[in-house]
Amino acid sequence: MVAAVVGLLAVAPLTAQDPSPQPELIRVLLNRIEATTSVALSSDELFAPGEAEPVAVTKPGEQIAVSLEAGMLRIGTGRYNQVWALPLGRNITVSAGARRTYRGRIRLLPGTRRLLVVNEVGLEAYLMGVVPAEMPPSFHPEALKAQAGVARTFAMARILRAAGDVFDLDDTTASQSYLGIGIEAPQTNAAVRETANLALLYGGEPIQALYCTVSGGVTAGNEEAFGGVPLPYLRSVRDADPSGSPYGAWSPNQSWEFLLRAYPGVGAVMRVEVLKRTASGRAAAIRISGERGAVTVSGTSFRNAVGVNSLKSLLIDSVEATEQGVRIRGRGWGHGVGMCQAGAQGRALSGQTYDFILATYYPGASLTFLPEPVLFVRALAPALSRR
């Protein structure tokens, strides 16, 4: 069942005469383009606050160069504190260390040591560049719609946390992967459109809609992976698709030499064992024993030391000593909290709809229609900051 929240007024669309900040747009810091002190834009016009006319105008095929010099933005002979680049047609291409094309507009600001490039874009257009970056477009339509709902909710929760900053989230996995127009696909665009304005709320606020690649058969409660207070909508759930992916099971081999470098204080490592597990069965405490002693570390600390792409999760089934080192067998990939993407695919293939999938992974959360999701959370921010 989908609830609804009404009563918010829409904001007028962006025009060239009004390049000022618009609160209905989501603000994404573009870290992936690797801009440091300069960037080139294929846009229409650049505006600066207080300037009656554009500070730069281009034609199709041309680029505008913007550089950071002495804490100001340089465009030709002009110096500015910030500028907005409006799209040429519907899109803007940004070139620096990488080159990508985006919907919406681009805001440029001087940072302490680098140029800040922020894509200001509608939430639904943003999601078209997120969903295919986070889930393969070949997945079942119901799984893709579940991913769209989760990604929308995740972004809304980040907006609440970013109140007062110049951006709401970035384009990397520190937030959500966002690759702009170049990665869009018809299947994922359809998933975004078919779930437009739907978000998961708990207590009238967007939930912390965490998700993982593969749970390994059981998801984790938020406190297992990140500590803190257990959230009622992030509880451990038995997964319908425990294999679901090539990363369902794994058995990396860690050499004794590598472990010695990671934990030099214990001397030559002789044994690694799981001492304590969380409610979902993940390693909570691990002891590394060597010829000079032993050390006990958290599972998260051990995974970070070994490497998160090697030890793909803390759902460890066994630890076996070999002549070369330690073979660790386990399942899953990622922190395991929230929706399992492989599990969502398995559930969709078994006939579950996206709203049922979301209700399973986020118990107690309400899938709610919001006429203006971004304005909804920006209106919540002042009250939350006073708590």
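For the structure, check the block above.
Only a predicted model underlies this, so the values are computations on that prediction, with no experimental measurement involved.

(A) Up close: the nonpolar core. Judged by nonpolar contacts, the single largest core of 49 residues is most densely connected at L41, L46 and Y126. A per-element tally of this core places helix α3 (residues 141-161) first, with 6 residues. The contacts of L46, once residues within four sequence positions are left out, are L41, P54, V55, A56, I64, V66, I75, V83, W84 and A85. Within the second largest apolar cluster, 32 residues are counted, among which are V150, V337, A344 and Y354.

(B) Structural view of the packing of aromatic side chains. By the definition in use, this model includes 5 aromatic pairs. Relative to Y233, the ring of Y202 has its centre 5.5 Å away and its plane inclined at 55 degrees; by these criteria the two rings are tilted. Of the two residues, Y202 is situated in strand β15 (residues 198-202) and Y233 in the loop between α5 (222-226) and β18 (249-250); the sequence distance between them amounts to 31 residues. Taking the centre distance of 6.3 Å and the plane angle of 10 degrees together, the rings of Y263 and F302 count as stacked. Taken together, the residues span a long stretch of sequence, with Y263 in the loop between α6 (256-262) and β20 (269-277) and F302 in helix α7 (residues 299-306) at a distance of 39 residues. Through successive ring pairs, a cluster of aromatic residues spans Y102, Y126 and Y178. The ring centre of W333 lies 5.8 Å from the NZ or CZ of K312, which sits over that ring. In this structure, R347 is placed above the aromatic ring of Y361, and the distance from its NZ or CZ to the ring centre is 5.1 Å.

(C) Structural detail: the side chain of Q352. Positionally, Q352 belongs in the loop between α8 (341-349) and α9 (354-361). Classification of Q352 as buried rests on a relative accessible area of 18%. When near neighbours in sequence (up to four residues on either side) are disregarded, Q352 contacts E142, R347 and I357.

The rules behind the values
- Residues numbered from 1 in each chain as written.
- Predicted model: local features only at pLDDT ≥ 70, side-chain atom pairs only at ≥ 80, totals over all residues.
- Heavy atoms only, no water.
- Core = buried A, V, L, I, M, F, W, Y, C linked by side-chain atoms within 4.5 Å.
- Buried < 20%, exposed > 50% of the residue type's maximum accessible area, 1.4 Å probe, protein only.
- Helix = DSSP H or I, 4+ residues; strand = E, 2+ residues; numbered from the N terminus.
- Contact = heavy atoms within 4.5 Å.
- Phe/Tyr/Trp six-rings, centres within 6.5 Å; stacked < 30°, edge-to-face > 60°.
- Lys NZ or Arg CZ within 6 Å of the ring centre and 35° of its normal.

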